[in-house]
Amino acid sequence: KLLDEFQEAFEEEVRVRKAREEVILRQMDQHERHITQNFDVEYEARVKRVKEIQEELVACMKSRVAADVELDRVCQEEVDKIQTLIDAEVSQRERQDDNIMRALDQYTDKMQASLEIVNSTNA
């Protein structure tokens, strides 16, 4: 009789253990599905965000290139304007120098003519 009770208690323990194992296995399966779903959702969200960042980067790079081209154009226009002003200033100074040289030549010619007149009256 003690052996039967022990056998019955053992079988009860086996049934309880199997029931607990089934509960644990179901919970593990549920957790695994939940984790897999969460992982998939998180993965998709991250892939989407990476794609958005890449698109934003491409847009920023295009914008930067366009801005650089525009800056180069504006700078070149300014350099051209300055070069035109410098060329005009050089031309004006050359004309002024030529005018000064002509005036000096005329002055020199008149001085020489005056000296010739003075020298011719003294001789």
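The structure reproduced in this document is the subject of the present report.

Definitions and cut-offs
Throughout this description, residue numbers start from 1 for each chain and increase along the sequence as written. Where totals are concerned, whole chains, interfaces and linings use all residues; where local detail is concerned, this predicted model gives features only for residues with pLDDT of at least 70, and gives and counts side-chain atom pairs only at 80 or more. Hydrogens and water molecules were not included; the side-chain quantities draw on all heavy atoms of the structure. Residues qualify for a patch when their relative accessible area is over 30% and they have no salt bridge, like charges being joined within 9 Å and the nonpolar side chains of Val, Leu, Ile, Met, Phe, Trp and Tyr within 5 Å. Every accessible area reported is derived by Shrake-Rupley at a probe size of 1.4 Å, with residue values counting cover from the shown protein chains alone. Whenever a carboxyl oxygen of Asp or Glu lies within 4 Å of a side-chain nitrogen of Lys or Arg, that contact is scored as a salt bridge. To qualify as a helix, a DSSP run of H or I must reach at least 4 residues; to qualify as a strand, a run of E must reach at least 2; elements of each kind are numbered from the N terminus. Classification of ring pairs uses Phe, Tyr and Trp, with its six-membered ring standing for Trp, and accepts pairs whose centres are within 6.5 Å; under 30 degrees between planes counts as stacked, over 60 as edge-to-face, and the remaining range as tilted. Each residue is assigned to one of three classes by its accessible area relative to the maximum for its type, calculated with a 1.4 Å probe on protein chains only: buried under 20%, partly exposed between the two thresholds, exposed over 50%. Positive charge is attributed to Lys and Arg, negative charge to Asp and Glu, and no charge count is given to His or to the chain ends. Charge positions come from single atoms, namely NZ of Lys, CZ of Arg, CG of Asp or CD of Glu.

**Some details on a nonpolar patch on the surface**
A cluster of nonpolar side chains, I24, L25 and M28, forms an exposed patch at the surface whose accessible area comes to about 310 Å². With respect to the helices and strands, the residue L25 is situated in helix α1 (residues 2-122).

**A word on the packing of aromatic side chains**
For any pair of aromatic rings, geometry is given as the distance between the ring centres together with the angle between the planes. Under the definition given, this model contains 1 aromatic pair. Where F39 meets Y43, the ring centres are 6.4 Å apart and the plane angle is 20°; that geometry is what we call stacked. You can see F39 and its partner Y43 sitting in helix α1, 4 residues apart, about one turn around the helix. By relative accessible area, Y43 is classed as exposed at 52%.

**Quick look at a negative patch on the surface**
A cluster of acidic residues, D4, E5, E8 and E11, forms a negative patch on the protein surface. Topologically, D4 is positioned in helix α1.

**What to know about the environment of Q96**
Checked against the element boundaries, Q96 lands in helix α1. Each C-alpha atom of the pair Q96 and A19 lies 113 Å from the other, and the pair is 77 residues apart in sequence.

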